[in-house]
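# Examining the three-dimensional arrangement
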There are 2 protein chains.
Amino acid sequence: MSILDPSSSADGQRGPVEHGIRDQIVDAAEAHFSRYGYGKTTVADLAKAIGFSKAYIYKFFDSKQAIGQAICVQCLDKVLAAGETGVAEGKTASDKLRRFFNGITSKSAELFFQDKLLYDIAAHSAEERWPSVIAYLARAEAILRGIILLGRETGEFERKTPIDEICEAILLVMQSFMNPLMLKHNLDDLPEAPTKAVNLVLRSLAP
Amino acid sequence: MSILDPSSSADGQRGPVEHGIRDQIVDAAEAHFSRYGYGKTTVADLAKAIGFSKAYIYKFFDSKQAIGQAICVQCLDKVLAAGETGVAEGKTASDKLRRFFNGITSKSAELFFQDKLLYDIAAHSAEERWPSVIAYLARAEAILRGIILLGRETGEFERKTPIDEICEAILLVMQSFMNPLMLKHNLDDLPEAPTKAVNLVLRSLAP
C-alpha cells in the first residue's frame, strides 16, 4: 500500500504515516476554516495556507467537503459521546432519556456556537445531508431505541405504539434542539426549552 | 383628524382615504419586495418604485419594518385562519388538534415558500421577533388552550399536567413546523412529519 494511493484512505486501511498527514490536513483546515469560514474557502486556498500542493491534498481527500466531513465526524462523535455519557449516568430509562438529550443539546450548543467555524460546517453538513450527518442520526436513533426498549422492559414506557414510529417521532420533535440549523434559533432558551420538550416526550411514553 | 397625521395610523383611527393609501403602499411594497427581496430594499428604493416621496410614506409607516409588519400581519392572519378552519371542522378535541396544526403548517408552507418574498419577510419577522409574530404566537397558544380545555372536558385528554406547561411544550415541539426559519428545513417531509409529531403530542395528552 502506497502512501500516495488515494484509494487506501477510503477503506480506512491507512498506515500511521498517512494517518499523521490526514490529521495534519484536517487540523490545518480546521484552523483555516475558523478564520475564513468553510463556505468561502476553496481547496486551492487551503493548499496555499497549509503549504501543501493541491494535488497532494487530493491524494487524501476527494474534495473540500471530504475535509469538512472529517471535521464534522470528529464533532458529531463528541456530541454523541456526551449523549452516551448521559445515558450511562441515568438510573432509569426516563432519566437516561433526559440525560441523553441534555448531553446532545448542550454539547451541540457548545461545539457549534462557541466556535463560528464549526457552526459553518455543521450548517453545510445539515443542509446538504452529508453522510456524516446521516450516520450520526442513525446512531442517535439506535441509542434512543435502546432507551425505549429498556423502558418497556422495566414497565416505565407504554408498549402499544410501534417502536419505529416512536423513535422517528421523538427525533422529529427534538430536531429543533439537535439540528444546528434549528438549534441556532433556540440558543436563548437552553436548557429550559429542550427540558420541557423532553417532559412532553416522556408523557407520550407513559404506559 | 388629518390624513397627514401619522399618529392617526398608530391607533387604527384612520378614515377610508388613509386606509386606501396604506393598502396601496402595502400592496406596492409587497410587489417590490417580491422582486428585489425585503432585506435589500430601503424605504428610498420603495418610494422611488411606488412614485411617492419618502416623506409621504413615512406619514403612514415609521420604517421599512412597519411596512414589512403590515405584510406579515396579513400573512399570519391567513395562517391562523387556516388553523381555525381546521379547528371548526374537527369533531373531537384530538381531531381539532390535528386539523389545527395541519392547517397552520400547510398554509405556512404555501405562503412562505411558494413566494420567495414572503419567506424573506417571515424570516426577518421570526429572527427579530416582531410584534406581529409575538401576537401570532399568543393567538395560536390561545386556540391551542381552547382545544386542550375541550379535550379535558370531554375526557379525551389528561388533567394532571398544568395547562400552561402543556401549551408551551406543544408549541415548542411543533415549532419546527410553525417557525418559517425551521419549517424551511422540513419542506420535503410535509405533511407526514408534522402528522407524526402531532401523533406524539396526542399520545402525551392521553388520560
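Residues numbered from 1 in each chain as written. Chains lettered and ligands numbered in written order. Predicted model: local features only at pLDDT ≥ 70, side-chain atom pairs only at ≥ 80, totals over all residues. Heavy atoms only, no water.

Take the interface of chain B and chain A next. Listed per partner, the contact involves 26 residues of chain B and 26 residues of chain A. Both faces considered, chain B and chain A share a buried interface measuring about 2,300 Å² in area, 59% of it formed by carbon and sulfur atoms. Considering only the side of chain B, the residues that lose the most area to chain A are His185(B), Leu200(B) and Arg203(B), jointly responsible for 27% of the buried surface there. Put simply, chain B and chain A have six salt bridges between them. With a shortest N-O distance of 2.7 Å, Glu168(A) and Lys196(B) are connected by a salt bridge. Seen at the junction of chain B and chain A, the total is six residue pairs in polar contact (both at pLDDT 80 or more). Elements supplying a minimum of two residues to the side of chain B that touches chain A: helix 9 (163-178), helix 10 (180-183) and helix 11 (192-205) of chain B. Here the side of chain B that touches chain A takes ten residues from helix 9 of chain B, the largest share from any one element. Residues of the side of chain B that touches chain A, tallied by class, amount to twelve nonpolar, six polar and eight charged. (Contact = heavy atoms within 4.5 Å. Buried area = accessible area lost by both parts, 1.4 Å probe. Salt bridge = Lys/Arg side-chain N within 4 Å of Asp/Glu carboxyl O. Polar contact = N/O pair within 3.5 Å; in protein donor to acceptor, adjacent residues only side chain to side chain. Helix = DSSP H or I, 4+ residues; strand = E, 2+ residues; numbered from the N terminus. Nonpolar A, V, L, I, M, F, W, Y, C, P; charged D, E, K, R; others polar.)

As a further point, take the relation of the copies chain B and chain A. Superposing chain B onto chain A takes a rotation of 180 degrees combined with a translation of 0.0 Å along the rotation axis, leaving an RMSD of 0.0 Å. Each copy turns onto its partner about a two-fold axis. It is Ser204(B) whose C-alpha, among those of chain B, lies nearest the rotation axis, at 1.7 Å. In this assembly the copies share their binding face: 100% of the residues contributing to the interface of chain B also contribute to that of chain A. (Least-squares fit on C-alpha atoms with pLDDT ≥ 70 in both.)

On to the pattern of salt bridges, then. The final tally for this structure, using the stated rule, is 18 salt bridges over all chains. Here Asp164(A) makes a salt bridge to Arg145(A), at a shortest N to O gap of 2.7 Å. Here Asp164(A) is found in helix 9 (residues 163-178), whereas its partner Arg145(A) is found in helix 8 (residues 131-153), with 19 residues between them in sequence. For Asp164(A), a relative accessible area of 47% translates into the label partly exposed. The class for Arg145(A) is partly exposed, based on a relative accessible area of 26%. For Glu165(B), the salt bridge goes to Arg203(A), with nearest N and O atoms at 3.4 Å. Of this pair, Glu165(B) sits in helix 9 while Arg203(A) sits in helix 11 (residues 192-205), each in a different chain. On the basis of relative accessibility, which here comes to 33%, the residue Glu165(B) falls in the partly exposed class. Residues joined by salt bridges that share partners form a network here, namely Glu89(A), Asp95(A) and Arg99(A). (Buried < 20%, exposed > 50% of the residue type's maximum accessible area, 1.4 Å probe, protein only.)

Any functional reading would require information that these geometric values do not contain.
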